[in-house]
Amino acid sequence: MAREYLYLGIFSGVFAIILGATVDYQEMNGNEAWRQTNWPYTATAFLVGSGTSILAGYIGMRIAVYTNTRTTFQCCKGKDNDVHQGFLTAFSGGQVLGFTLVGLALLVLEALLAIFKATWFDAALEAIMKDTKDTAAQKEVKALVLTRTLFELVAGYGLGGSSVALFGRVGGGIYTKAADVGADLVGKTLKDLKEDDPSNPGTIADNVGDNVGDIAGMGADLFGSLAESTCAALVVSATSRDLVSTPDALYFPLMVTASGIIASFLSVLFVHIWTVTTDNVQTVLKGQIGISTVIMTGTVIPTLYVLPEGIFKIPNGALPDLECTRWTMYGCIMFGLWSGMVIGFITEYYTSNAYSPTLHLAESCKQGPAPNIILGLALGYASVVIPILCITVTIYYAFSSAGMYGIGLAALGMLGSLPVALSIDGYGPISDNAGGVAEMSGLPASIRDRTDALDAAGNTTAAVGKGFAIGSACLVGLALFGAFITRVGDTSVDILQPVQFAGLLLGAMLPYAFSAMTMQAVGDAAAEMMAFIIADYTRGEKEIAAGGIYQPDYDGCISISTEASLKKMVAPGALVILSPLVIGFLFGPPAVAGLLAGAIVSGVQVAISASNTGGAWDNAKKEVEKNRSAINKEARQEGVNIDEYNEELAAHPDSQEDKHVKMREWVEKIHTIREQHVAAVVGDTVGDPLKDTSGPAINILIKLSAITSLVFGSFIAQYNFFGKKKAEAVAAPAAATA
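K.L.:
Could you give me a rundown of the overall build of the protein chain, with the residues and numbers involved?
P.N.:
The secondary structure content of the protein chain amounts to 22 helices and two strands. The globule rule puts the C-alpha radius of gyration for 738 residues at 27 Å, and the 27 Å found for the protein chain is close to it. Overall, the C-alpha framework of the protein chain stretches about 105 × 50 × 45 Å when taken along its three principal axes. Counting all 738 residues of the protein chain, 61% fall into the buried class. For the protein chain, the proportion of contacts with a sequence separation of at least 24, taken over those separated by at least 6, is 84%. Accessible surface for the protein chain amounts to roughly 27,000 Å². Of this, 64% is attributable to carbon and sulfur atoms. With 46 positive and 67 negative side-chain charges, the protein chain shows a separation of 4 Å between the mean positions of the two kinds.

K.L.:
Describe the nonpolar core, listing the residues and the values that go with them.
P.N.:
Counting 149 residues, the largest nonpolar core has Leu19, Tyr157, Phe252, Met329, Tyr405 and Phe514 as the members making the most contacts within it. The residues contacting phenylalanine 514, other than those within four sequence positions of it, are Leu166, Val170, Pro572, Leu575, Val576, Ser694, Ala697, Ile698 and Leu701. Counting 28 residues, the second-largest nonpolar core is a separate cluster that includes Ile289, Ile424, Ile430 and Ala457.

K.L.:
Can you break down the side chain of threonine 394 residue by residue, with the values?
P.N.:
Along the chain, threonine 394 turns up in helix H12 (residues 385-414). By relative accessible area, threonine 394 is classed as buried at 0%. Other than its neighbours up to four places away in sequence, threonine 394 contacts Phe335, Gly336, Ser339, Ala410 and Leu475.

K.L.:
Any chance you could break down the layout of surface pockets for me, citing the residues and the numbers?
P.N.:
Any space left empty among the atoms is revealed by the rolling of a water-sized probe across them. Roughly 1,600 Å³ of volume is contained in the largest pocket. Surrounding the largest pocket, 43 residues form its lining, Asp449, Asp452, Glu625, Lys626 and Ser629 being those nearest its centre. Of all the elements in the fold, those that place two or more residues in the lining of the largest pocket are helix H8 (281-299), helix H14 (445-487), helix H18 (589-637) and helix H20 (658-711). Taken together, the residues of the lining of the largest pocket sort by class into 11 nonpolar, 11 polar and 21 charged. Empty space within the second largest pocket amounts to approximately 1,200 Å³. Lining the second largest pocket we find 44 residues, and of these Asn316, Gly317, Phe399, Met404 and Thr491 sit closest to its centre. Every element with two or more residues in the lining of the second largest pocket is listed here: helix H4 (136-190), helix H6 (241-245), strand E1 (312-316), strand E2 (319-324), H12, H14, H18 and helix H22 (733-737). Top element by residues in the lining of the second largest pocket is H12. It accounts for seven residues.

K.L.:
Tell me about the environment of tyrosine 355, and name the residues and values.
P.N.:
Within the fold, tyrosine 355 resides in the loop between helix H9 (326-351) and helix H10 (356-364). We classify tyrosine 355 as partly exposed; its relative accessible area is 24%. For the pair tyrosine 355 and methionine 569, spaced 214 residues apart in the sequence, the C-alpha separation amounts to 36 Å. Residue contacts for tyrosine 355: discarding those within four places in its chain leaves Lys286, Glu348 and Tyr349. Side-chain polar atoms of tyrosine 355 contact the side chain of lysine 286, separated by 3.2 Å.

K.L.:
Quick one: what's the story with helix H11 (residues 369-382), residue by residue and with numbers?
P.N.:
With 14 residues, H11 should cover 20 Å at 1.5 Å per step; its first-to-last C-alpha distance of 20 Å lies within 8% of that length. Regarding H11, the residues found buried are Asn372, Gly376, Leu379 and Gly380. Take H11 and look down its axis: the buried residues cluster within an arc of 95°, on one side only. Exposed side of H11, more than 90 degrees from the buried face: Ile374 and Tyr381 are the residues found there. Residues of H11 that are buried make contact with H9, H10, H18 and H20.

K.L.:
Go over a nonpolar patch on the surface, please, and point to the residues and values.
P.N.:
A cluster of nonpolar residues, Ile262, Phe265, Leu266, Leu269, Phe270, Ile273 and Trp274, forms a patch on the protein surface that exposes about 660 Å² of accessible area. The exposure class assigned to leucine 269 is partly exposed, which follows from its relative accessible area of 45%.

K.L.:
Talk me through the packing of aromatic side chains; I want residue IDs and the actual numbers.
P.N.:
Using the criterion set out here, one finds 19 aromatic pairs in the structure. Ring geometry for tyrosine 41 versus tryptophan 120: centroids 6.2 Å apart, planes at 40°, classification tilted. Of this pair, tyrosine 41 sits in helix H2 (residues 41-77) while tryptophan 120 is found in helix H3 (residues 84-130), placing the two residues 79 residues apart along the sequence. Comparing tyrosine 41 with tryptophan 120 shows no difference in burial state: the two are buried. Through a chain of ring-to-ring contacts, three or more aromatic side chains come together here, namely Phe11, Phe15, Phe46, Phe167 and Phe712. Sitting above the plane of the phenylalanine 345 ring, lysine 286 keeps its charged end 6.0 Å from the centroid. It is lysine 669 that lies over the ring of tryptophan 666; its NZ or CZ is 4.6 Å from the centre.

What counts, and where the lines are drawn
- Residues numbered from 1 in each chain as written.
- Predicted model: local features only at pLDDT ≥ 70, side-chain atom pairs only at ≥ 80, totals over all residues.
- Heavy atoms only, no water.
- Helix = DSSP H or I, 4+ residues; strand = E, 2+ residues; numbered from the N terminus.
- Rg over C-alpha atoms; globule rule 2.2 N^0.38 Å.
- Buried < 20%, exposed > 50% of the residue type's maximum accessible area, 1.4 Å probe, protein only.
- Contact = heavy atoms within 4.5 Å.
- Areas by Shrake-Rupley, 256 points an atom, 1.4 Å probe, with all protein chains shown as cover.
- Lys, Arg positive; Asp, Glu negative; His and termini not counted.
- Charge placed at Lys NZ, Arg CZ, Asp CG, Glu CD.
- Core = buried A, V, L, I, M, F, W, Y, C linked by side-chain atoms within 4.5 Å.
- 1 Å grid on protein atoms, 1.4 Å probe; cavity = no way out; pocket = protein on both sides within 12 Å on 5 of 7 lines; lining within 4 Å.
- Points joined across faces, edges and corners; volume = space filled by probe spheres on them.
- Nonpolar A, V, L, I, M, F, W, Y, C, P; charged D, E, K, R; others polar.
- Polar contact = N/O pair within 3.5 Å; in protein donor to acceptor, adjacent residues only side chain to side chain.
- Expected span 1.5 Å × (residues − 1).
- Arc of directions from axis to C-beta.
- Patch = residues over 30% accessible without salt bridge, like charges linked within 9 Å, V, L, I, M, F, W, Y side chains within 5 Å.
- Salt bridge = Lys/Arg side-chain N within 4 Å of Asp/Glu carboxyl O.
- Phe/Tyr/Trp six-rings, centres within 6.5 Å; stacked < 30°, edge-to-face > 60°.
- Lys NZ or Arg CZ within 6 Å of the ring centre and 35° of its normal.

Written out as structure tokens, the structure is:
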């Protein structure tokens, strides 16, 4: 992590210089003196966003490492199926991640707005109001443009957060899945070792990777979503005269997030109502999503009263302004909030081993890996339908009622219970690593059974967290798309035009190119990891045979994962950041608009199917391992020794004595569950990069390409080779008629 953050710091500094030399230079030397800035504010916001995202990831990592050993200790204190204290410890660690990240995002964004207002905006606005040459109408138009410029400058904050999130997600995903796939394929399929067996050299790298990818990566991802959706809503809101002229109404998006923090705080208190056992862990976690949704339905209502009274207007591009009320905005938030809950529950249904889709996958493993993989892919495709319907209904209501501002509010609604979503998501890797600590510490099998019960629920909740992230990414991407169109001065996008349609096809291709890069990176790194583990394990067997002690080379596996993640995260990141810029500088904003639309429509579906397929394969493996554990326990109770049985049957191959018949039954049962387990592990390892690298990172592709386009919007509108140039793209359309 230290090396990754060092490289991210260097990248942030270089990219900030690029922003300063392009976007900020244009803002500081524009044609209209009244809106020229006095500082590279976009570059500053970018650096602050990058730094905040890195800080949030670091805090999450420290808390996860601090908490996992304590979760193991609390599981040691429980009796039978009692995991209450272990659950509370793991969930508390997740809460620190959730509330810290959301609180940081909101606090820093508010501080940026206050600083930018104090150092530039207030003086510029005062100068406009004192200018005696302009009419009142002209001053109003200039105030609108100036307000929108303020929020466009702050959008650099979202760009910084999302840039770090992309490299954190991709780099962390490559790190953890190279170790996970290598350790599982060698340890479980070739050597028949247990999960997190300390004799497997890849174990430590696997456990470290859980924190890098699922804690730091997911945290930075959802931090970016929150920052970007807020920035998009702020930019679009500044086009409404009614919102700009109403005190505090512009800051309504920030208040929505604040109400979500209150709702989440009240929600997490409810975990203390139940006594958590191995049988109800998942129910308690799922209840958190429902409870937080219900509470936020009420807590957001008081914030509505900062909006204008009665009917107010929201611009709707080339169409007539939309007439809205406070309750129209409430409806947009509610559609996003409740759609997020439905997406979470549907994700759970398709990926949890408590329901038939995943149980069917586990059953299919009896016929080998191929049926498992075929049915797993089909499951992922089917799981796309209901989330897309939810998102579609949300977009229809929000866009038809309040335009792109409504889309931004719907995105914030879906992210409303983000502290709870992050708490649940952070709980997963904490409980997973608690199991690793139990195994490597040589604790009794009963302790590992309790941590595994926590981990099984964590696998599903991790899938639910990814569902939230992907669903919100679609809405955030669309809101940023609207903000981009606003910034470049367009009012509509016609996909029947050749440039726009060509951009649409290119955008739809990006998720596939991105997935190919990340999947190949994991595959190559995993192959190298497997070769290293096999060589090291073979060396260990020779040492043991010679009477020595085998010390697995954990550092070697960590080094392989680290080098692979740092080297191979560059190309996917460059693809995401450079695609809209190159297309924009060549063909102008219309091509970028098509690119963004294609990436959103294609990316959200690829991401959902990939994440849910991988999640279902993971839990199918857990189900098979649970059944195998039960069979092995029964065998131990009956004193079964498979090696002795095989020798006895080899000596009496045709015997029909009762004891030999019983021996054959046990040998066949053990062999069958072993082959079923191998098939399940193959599916799980195929799904690992889908659910933890490619799938979740695609939602950052959607958001980062959109926020990059927004931040560079006015620059590419003015400086492009083959597109139509605009002398002052950032001016509001109304300014031309003033």
